[in-house]
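A look at the structure
Here is how the chains run, residue by residue.
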Amino acid sequence: RPAPPPGDLDVLVVGAGFAGLYALYRLRETGHRVHAVEAAGGVGGVWYWNRYPGARCDIESVDYCYSFSDELVKEWDWTERYPAQPEILAYLNHVADRFALRRDITFDTRITALTFDEAADRWTARTAYGDLVSARHVIMATGQLSVARLPDIPGIDDFAGPVHHTGDWPHEGVDVAGKRVGVVGTGSSGVQAIPRIAEQAGHLTVFQRTPHYVVPARNRPLDPAYAAELKTRFEEYREQARNHPGGTHRVLREELAKEATPEEIRTTLEEYWAKGGPDILASFKDLTTDLEANEKAAEFVRGKIRELVRDPAVAEALSPRGYPFGSKRLVLEIGYYDALNRDDVRLVDTLAAPIERITAEGVVIRGTEDGREELHELDVLMFATGFDALTGALLKIDIQGRDGLGLREKWAAGPRTYLGLSTHGFPNMFFMAGPGSPSVLSNVVVSIEQHVEWVTEHIEHLRANGLTRSEADLDQEDAWVEHVNDVAAQTLYPTGNSWYLGANVPGKPRVFMPYLGGVGHYRQVCAEVAANGYRGFTLS
Ligand code: NA7
């Protein structure tokens, strides 16, 4: 077992992904006794665990990186438009080495409980090994998509071959060569893995429940001249992202699809389709707010699927209907439609015939109309079935705040935060990219840098003023939650059954969790809160 973490700290950081590493760096720079505890055997967070073939970020590499160190920006060269998992993990390992962060990280150790000591204004953390750590503040850098979910399908443990979730992929890889492989789930992870698996497997069966809106990534090597030029003005480039609604450089067009002619719509969407990436969602201003406008883009995508997929029945099964374009996260593809044209790849529409059970031999589906059962015999089973997003990792830990209040209890009807950073009743605890912050509907690295910097300044402020406790006020929290809901309700986002609102986890309260008010606006709100003596927090 690893050596226990130090028992007495100013700040405990839980997690060593993008957020945890930067929090550790920043707080150490400002002279705090800070230490990170990480469940994995290395740094990287989701990029440590998601090692499935084809794993890749859907934000461009030049945006999905830190900006806090000029030297780091200058010395690191990204190689592709959308960075692949091994490259992101190499980057985070480089960051950990470059800034000597490992000496303050305990790996292979999970925090299982956190209890607030009201007399001392300190948190006591318990590790899975039973060691205790006392810290004034706790930074929860536990990830938004870090708790992988296997579905509750009867018989899942009976399958005779290997079973793997994309979000918890074996480091040594999975041998699929020549084998009969089944993939359940066609969100970003499934769509990324399927073409790579198809290249190696003897036969691949894709079990699709909801067809997603899948658009081309048009990934390509990063032009070295462009990357070099960007480095000469990176701070200015990043400052634009910090003030942009999505924390990126996406151009937000003002034109309305509702007012455009069919020809204008087609030409514009064709341009975006050719460029690739998720920016197509911003091709018309009303795509995220107006169902009629949205349907025009949705139909455009269906038309593309009909063009790209040879078998009309497969094309029809792949065509998303009944929910708005972009309300579930757009999925970027590299070779997905081509893979579905292969003779050795079969798409099974589990809306028409849901998965009934899993047996030693494979997956049994059962027709909704005829009740007929069909067994798909498999050697390897892969689940790309997603995550208990945003709240999963926080609620996995037994967190007890003031007056013995449990976080699970407090958030029983859904998460409640002030600015996504803090929750009433849990003083001195800060969330990174938490529910109620722009989190997953932003370039999360830009959001993380803002959170870390804001929280570091906040902790500095407390220290400078001899204060030992900071707690979000309940009325401010209520107002923020209402604001987050109001903003979401003005869009089509809450109308898709997405993990943004917990719809992928049976029994999870349906609350739209990311803040859609924009990264730039959110940053301003947080800055104003700080400038006004941390309005909405009681400091004592
Ligand atoms: P997602 O986007 O949650 O996708 C999960 C997929 O698994 C999706 O197609 C689901 O269908 C399917 N699923 C989930 N549970 C089941 C069951 N019980 N039976 C059949 N199919 C099921 O997860 P990803 O890992 O792809 O991506 C998550 C995010 O990570 C992604 O958006 C990026 O931000 C990075 P459903 O749509 O629920 O019908």
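Residues numbered from 1 in each chain as written. Predicted model: local features only at pLDDT ≥ 70, side-chain atom pairs only at ≥ 80, totals over all residues. Heavy atoms only, no water.

1. Some words on the sheet that holds strand β14 (residues 362-366)
Ordered by their spatial adjacency, three strands build an open sheet running β13-β14-β15, and the pairing between neighbours is antiparallel. Unpaired on one side and paired on the other, β13 (355-358) and β15 (373-377) mark the two borders of the sheet. Mean inter-strand twist for the sheet, computed between neighbouring axes without regard to direction, equals 25 degrees. (Pairing = 2+ DSSP bridges. Helix = DSSP H or I, 4+ residues; strand = E, 2+ residues; numbered from the N terminus. Axes fitted to C-alpha atoms, helices over the stretch in contact; angles between N-to-C directions.)

2. A closer look at the site of the ligand
The environment of the ligand is made up of 18 residues, and the closest members are Ser189, Arg209, Thr210, Lys328 and Arg329. Taking Arg329, its side chain carries an N or O atom lying 2.8 Å from an oxygen atom of the ligand. One nitrogen or oxygen atom from the side chain of Trp499 is found 3.4 Å from an oxygen atom belonging to the ligand. Protein contacts shield 87% of the accessible area of the ligand, which totals 770 Å² for the unbound molecule. Classifying every residue of the shell around the ligand gives six nonpolar, nine polar and three charged. (Near = heavy atom within 4 Å. Polar contact = N/O pair within 3.5 Å; in protein donor to acceptor, adjacent residues only side chain to side chain. Areas by Shrake-Rupley, 256 points an atom, 1.4 Å probe, with all protein chains shown as cover. Nonpolar A, V, L, I, M, F, W, Y, C, P; charged D, E, K, R; others polar.)

3. As for the UniProt feature "domain: FAD/NAD(P)-binding" (unreviewed entry) in the protein chain
When the UniProt feature table is mapped onto this chain, "domain: FAD/NAD(P)-binding" (unreviewed entry) is found at residues 10-231. Between the first and last C-alpha atoms of residues 10-231 the distance is 35 Å; the span itself is 26% helix and 23% strand. (UniProt positions renumbered as here; feature names shortened; annotations may be inferred.)

4. Examining the packing of helix α7 (residues 234-242) against helix α14 (residues 444-464)
Two elements in contact, α7 and α14, have axes whose closest approach is 10 Å; the angle formed by their N-to-C orientations is 90 degrees. In this view, α7 runs roughly perpendicular relative to α14, as classed from their interaxial angle. Seen from α7, the contacting residues are Arg238, Ala241 and Arg242; seen from α14, they are Val445, Val446 and Glu449. Looking at the contact of α7 with α14, its residues break down into three nonpolar, no polar and three charged. (Parallel < 35°, antiparallel > 145°, perpendicular 65-115°, else oblique. Contact = heavy atoms within 4.5 Å.)

5. A few points about unusual backbone geometry
Excluding glycine, most residues fall at negative phi; most peptide bonds, likewise, are trans. With a phi angle near 55 degrees, Asp121 is a residue other than glycine that sits in the positive phi range. Mapping Asp121 onto the fold places it in the loop between β4 (111-117) and β5 (122-127). A positive phi angle is found at Leu390, which is not glycine, with a value near 65 degrees. Along the chain, the position of Leu390 falls in the loop between β16 (380-383) and α12 (392-396).

6. A closer look at the packing of aromatic side chains
The description of two aromatic rings rests on the distance between their centres and on the angle between their planes. If you walk through the whole model with that rule in mind, you get 33 aromatic pairs. Each ring, one from Phe18 and one from Tyr64, has its centre 5.1 Å from the other, and the planes form 70 degrees; the classification is edge-to-face. Separated by 46 residues along the polypeptide, Phe18 in helix α1 (residues 18-29) and Tyr64 in the loop between α2 (46-49) and α3 (70-75) bring together distant segments of the chain. Overall, Phe18 belongs to the buried group, its relative accessible area being 6%. Overall, Tyr64 belongs to the buried group, its relative accessible area being 6%. Arranged with centres 6.1 Å apart and planes meeting at 55 degrees, the rings of Tyr515 and Tyr522 form a pair that is tilted. Residue Tyr515 is classed as buried on the basis of its relative accessible area, which comes to 2%. Judged by relative accessible area, which is 2%, Tyr522 ranks as buried. Among the aromatic side chains, those forming a connected cluster through ring pairs are Phe18, Tyr22, Tyr25, Trp47, Tyr64, Tyr66, Phe68, Trp76, Trp78, Tyr91 and Phe99. Sitting over the face of the ring of Tyr48, Arg51 holds its NZ or CZ atom 4.8 Å from the ring centroid. (Phe/Tyr/Trp six-rings, centres within 6.5 Å; stacked < 30°, edge-to-face > 60°. Buried < 20%, exposed > 50% of the residue type's maximum accessible area, 1.4 Å probe, protein only. Lys NZ or Arg CZ within 6 Å of the ring centre and 35° of its normal.)

7. A few points about the sheet that holds strand β8 (residues 180-184)
Reading across the sheet, the five strands line up as β7-β16-β8-β9-β12 and stay open at both edges, with parallel pairing between neighbours. Single-partner strands in this sheet number two, and they are β7 (163-165) and β12 (345-349). With direction set aside, neighbouring strand axes in the sheet form an average angle of 20 degrees. Pairing analysis gives five bridges linking β8 to strand β9 (residues 203-208), with the strands arranged parallel. When the sheet's bridge partners are listed, Gly182 is paired in β9 with Thr205.

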